[in-house]
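What follows is each chain in one-letter form.
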Amino acid sequence: MKNITHLEQFQKSAIKIIAISFLIFSPLFSFAQKYEANWESIDSRPIPEWFSDAKFGIFIHWGLYAVPAWGPTDAGVYDKYAEWYWSKLMNKDSKVHENFKKFHHETYGEDFKYQDFVNGFNCEMFNPDDWAKLFKKSGAKYVVLTSKHHEGFTLWPSEQSWNWNAVDVGPHRDLAGDLIKSVKGEGLKMGYYYSLYEWFNPQYKENVDAYVDQHMIPQMKDLVTRYQPDVLWTDGEWDHPSEVWKSTEFLAWLYNDSPVKENVVVNDRWGKETRGKHGGFFTTEYDLVHEGIKTGTFQRAWEECRGIGGSFGYNRNENLESYSTSEGLVHILIDKVARGGNLLLNIGPTADGRVPVIMQQRLMDMGNWLDVNGDAIYGTQMWEKADANKQDHVFFTQKGNDLYVICTKFPEKSITVKNLKGAKEVSLLGFEGKVKYKAGGSSVTITPPAVTPATNPCDYAWVFKVSQAL
Ligand code: GLC
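Note that the coordinates shown come from a computational prediction; the quantities given were computed from them, not determined experimentally.

Quick notes on the rules
Numbering of residues starts from 1 in each chain and follows the order in which that chain's sequence is written. Side-chain atom pairs in this predicted model are given and counted only at pLDDT of 80 or more, local residue features only at pLDDT of at least 70, and totals for whole chains, interfaces and linings cover all residues. The side-chain numbers reported here are obtained from all heavy atoms of the structure, hydrogens and water having been left aside. Secondary structure elements follow DSSP: runs of H or I of four or more residues count as helices, runs of E of two or more count as strands, with numbering from the N terminus. Whether a residue is buried, partly exposed or exposed follows from its accessible area with a 1.4 Å probe, protein chains only, as a fraction of its type maximum: under 20%, in between, or over 50%, in that order. In what follows, a contact means two residues having at least one pair of non-hydrogen atoms within 4.5 Å. We get accessible surface area from the Shrake-Rupley algorithm with a probe of 1.4 Å; when it comes to residues, only the shown protein chains can shield them. Put simply, a salt bridge is a Lys or Arg side-chain nitrogen that is within 4 Å of an Asp or Glu carboxyl oxygen. Note on definitions. A residue lies near a molecule or strand when any single heavy atom of the residue is within 4 Å of it. We define a polar contact as two N or O atoms separated by no more than 3.5 Å, with the added condition that, inside protein, one atom must be a possible hydrogen donor and the other a possible acceptor, whereas residues neighbouring each other in sequence contribute only through side-chain atom pairs. Three residue categories are used. Nonpolar comprises Ala, Val, Leu, Ile, Met, Phe, Trp, Tyr, Cys and Pro, charged comprises Asp, Glu, Lys and Arg, and polar comprises the others, including Gly. Here an angle of 0 to 180 degrees is reported between the N-to-C directions of two axes, which are lines fitted to C-alpha atoms, with helices fitted over the stretch in contact. Every angle not falling under 35 degrees, over 145, or within 65 to 115 is termed oblique; those three ranges are roughly parallel, roughly antiparallel and roughly perpendicular. By the convention used here, strands pair only if DSSP detects at least 2 bridges between them. The patches described consist of residues with a relative accessible area above 30% and no salt bridge, like charges being joined within 9 Å and nonpolar side chains (Val, Leu, Ile, Met, Phe, Trp, Tyr) within 5 Å. The definition of a nonpolar core used throughout is a set of buried Ala, Val, Leu, Ile, Met, Phe, Trp, Tyr and Cys residues joined through side-chain atoms within 4.5 Å. Segmentation into domains, and thus their bounds, comes from an automatic or database assignment. When we speak of the arc, we mean the arc of directions from the helix axis to the C-beta atoms.

Student: For this particular structure, what's the right way to read the overall build of the chain?
Tutor: Within the chain one finds 13 helices and 16 strands. C-alpha atoms of the chain, sized along the principal axes, occupy 90 × 75 × 40 Å. A total of 470 residues make up the chain; the buried ones form 55% of that total. Taking the intrachain contacts of the chain between residues at least 6 apart in sequence as the baseline, contacts between residues at least 24 apart amount to 69%. Carbon and sulfur atoms form 52% of the exposed surface of the chain, whose accessible area is close to 21,700 Å².

Now the structure itself:
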């Protein structure tokens, strides 16, 4: 029998170890979970943590509807949406059809077709770097742009949308591609809204299965493969069940084989039966939630979306009284985050590519507040003892062992918080002075410091951090 030396023995063992390691760690043999095309499997995928940590995003509704930029302001929530202009103009059954028809005929004439608005959508002042810098200053951590709304017009050169996209016509510019480059350049996450249906696409109206196979799925895969978005925010799902949209097949591809399979985040709008039940994070809209789900907190990541005014698309018909104040917007952010959710706050740019100045101001005010108080928002979780500590104008978030007591009105008297493990220190975020407190047993009583205009750390809401409280 051939005697083999120790060295040869070691070499043979080393080769075996390297070979086995290769097999285990090689992407070809990776044992990463494979998701199947059914909701039980798709729903088992954890929502990437970055989303819940981010808390605050910017929604952007931009399309041909930015040219008329008009909707009624004295109507129901959904009837104020300026991005629904074409549908309300054509749909005689809509409660606000006459409003849109009157405005359209008086402003553009009876023969002016919605498609003609493409000649007004020039975006000549669009500067994606300026937008990205504004979003960064707002304190938002992610941005979601309408890549295609219900009108079917795409903001990128989609071959499925020949001559009905922002490169073939209108601005002759890849708006979606230019913006994702600038936003990611500022270190923010960037994703796209995508409408599953298209109001007046003949193929959609005549043969939805062919539309899904030949138009929608190839278009979505092109959007994902071309730009690698961090978020895919679907909508326009209500006409059909998810089976017709082939949503689970698409999501299996997105999670198993797409270039964004590791970190992409999606929402719950994948079929008429899925909101609040399937997909990724759950969505609410102007606090409207879905049948059977109370407004409270969900046992899963969730996100409230709304405009600064009453519309997602820019609505020239709105005046100041239609717009939330900066204080109101900060309070909305606090309310959602304290209940475990995110806020996706919408802006509606103009047809020439500007963010309306009032919207810029609101975003800057939110960013200034978050500069001081972001620790109480980003990366926090809902405090499960918040309900036991209910008191007016007081909200709670937690991060590790620290508790944040967020006061949307500066407290004039002491605040007592119960159900604690102790309190190593109490501070007022952004305030340099000392904060007096009394920790006893499982509660802490905080005495708000006297602040002056010179020492006041911020406007709108004030945060006491109770260190080592939990
Ligand atoms: C509704 C509207 C749509 C808007 C969306 C935002 O689904 O149809 O106009 O884009 O809400 O959440």
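Student: Teacher, can you tell me more about the environment of Asn163 here?
Tutor: For Asn163, the location among the structural elements is in the loop between β2 (142–148) and α7 (175–185). Taking the relative accessible area as the measure of exposure, Asn163 reaches 36% and is therefore partly exposed. Separated by 10 residues in sequence, Asn163 and Phe153 have C-alpha atoms that sit 9.0 Å apart. If we ignore the near neighbours within four places in the chain, the residues touching Asn163 are Asp168 and Val169.

Student: How should I be thinking about the environment of Asp53 in this particular structure?
Tutor: Mapped onto the fold, Asp53 is located in helix α3 (residues 49–54). Under the relative-accessibility criterion, Asp53 is labelled partly exposed at 31%. Separated by 328 residues in sequence, Asp53 and Gln381 have C-alpha atoms that sit 8.5 Å apart. Excluding residues that lie within four positions of it along the chain, Asp53 makes contacts with Tyr378 and Gly379.

Student: Could you clarify how one ought to interpret the pattern of salt bridges in this entry?
Tutor: Think of it this way: side chains of opposite charge can pair up when their charged atoms draw near. All chains considered together, the criterion is met by 23 salt bridges. Close ionic contact of Lys34 with Asp257 constitutes a salt bridge, the shortest N to O distance being 4.0 Å. Residue Lys34 is found in the loop between α1 (6–25) and α2 (39–42), and its partner Asp257 is found in the loop between α11 (247–256) and β5 (265–266); the two are separated by 223 residues along the sequence. Across the pair, Asp257 and Lys34 agree in class, each one exposed. Among the ionic pairs, Arg275 bridges to Asp235, the shortest N-O distance being 3.3 Å. Note that Arg275 is positioned in the loop between β5 and β6 (282–285) and Asp235 in strand β4 (residues 231–235), a separation of 40 residues in sequence. The network of salt bridges with shared partners includes Asp287, Glu304, Arg306, Asp335, Lys336 and Arg339.

Student: Mind showing me how you'd approach the site of the ligand here?
Tutor: For the ligand, the set of nearby residues contains 15 residues, the closest of which are His61, Glu83, Trp84, His149 and Asp235. Here an oxygen atom of the ligand and a side-chain polar atom of Glu83 are 2.7 Å apart. At 3.5 Å from an oxygen atom of the ligand is found a side-chain nitrogen or oxygen belonging to Tyr193. Of the residues in the shell around the ligand, the class split is 8 nonpolar, 3 polar and 4 charged.

Student: What should I look at first to understand the side chain of Arg306 in this one?
Tutor: Take Arg306: it is sitting in strand β7 (residues 302–307). Owing to a relative accessible area of 11%, Arg306 belongs among the buried residues under this scheme. Residues in contact with Arg306, not counting those within four places in the same chain, are Tyr286, Asp287, Phe312, Ile332, Leu343, Leu344, Leu345 and Asn346.

Student: I'm lost on the packing of helix α6 (residues 128–137) against helix α13 (residues 357–373) in this one. Help?
Tutor: Geometry of a packed helix pair, given as the angle between the helix axes and the separation of the axes. It is the contact of α6 with α13, at a shortest axis distance of 7 Å, that shows an interaxial angle of 40°. Here α13 runs oblique to α6, going by the angle between their axes. Contacts between α6 and α13 involve Leu134, Phe135 and Lys137 on the former and, on the latter, Gln360, Leu363, Met364 and Gly367. Residue composition of the contact of α6 with α13, grouped by class: 4 nonpolar, 2 polar and 1 charged.

Student: Help me understand the sheet that holds strand β15 (residues 443–447) in this model?
Tutor: Pairing between sheet strands relies on hydrogen bonds along the backbone, with the strands arranged either parallel or antiparallel. Sheet architecture is open: 3 strands sit in the order β12-β15-β14, paired in antiparallel fashion. Each of the sheet's edge strands pairs with one partner strand only, and the pair in question is β12 (415–417) and β14 (436–440). Going across the sheet, the axis of each strand differs from the next one's by a mean of 15°, ignoring polarity. The pairing of β14 with β15 spans 5 bridges and is classified as antiparallel. Bridge pairing in β15 links Ala439 to Val444.

Student: Would you take a moment to explain the environment of Glu425 for this structure?
Tutor: Along the chain, Glu425 falls in strand β13 (residues 425–428). Residue Glu425 is classed as partly exposed on the basis of its relative accessible area, which comes to 40%. When the C-alpha positions of Glu425 and Arg300 are compared, they lie 32 Å apart, and in sequence the two are 125 residues distant. Among all residues touching Glu425, those that are not within four sequence positions of it are Tyr437, Lys465, Val466 and Ser467.

Student: Even after reading the chapter, I still don't get a nonpolar patch on the surface, so can you show me in this structure?
Tutor: On the surface, a nonpolar cluster with roughly 240 Å² of combined accessible area is contributed by Val77, Tyr78 and Leu288. Summarising the element assignment, Tyr78 is placed in the loop between β1 (56–60) and α4 (85–90).

Student: What am I meant to see in the nonpolar core here?
Tutor: Within soluble globular proteins, side chains that are nonpolar generally end up buried alongside one another. By size, the foremost hydrophobic cluster in this structure holds 139 residues, and its most contacted members are Trp62, Phe121 and Phe135. The leading source of residues in this core is helix α9 (residues 208–227), at 9 residues. Viewed by domain, this core spans two of them, domain 1 (49–376) and domain 2 (383–467), each represented by three or more residues.

Student: Any chance you could explain α6 here in plain terms?
Tutor: For an α-helix, 3.6 residues make a turn, and residues three or four places apart therefore share a direction. Along α6, the residues that are buried comprise Pro128, Trp131, Ala132, Leu134 and Phe135. The buried residues of α6 occupy one face: seen down the axis, they fall within an arc of 160°. Two to three positions downstream of the cap, the backbone nitrogen of Asp129 sits 3.0 Å from a side-chain oxygen, assigning the N-cap of α6 to Asn127. Just beyond α6, the residue with positive phi is Gly139, at close to 90°.

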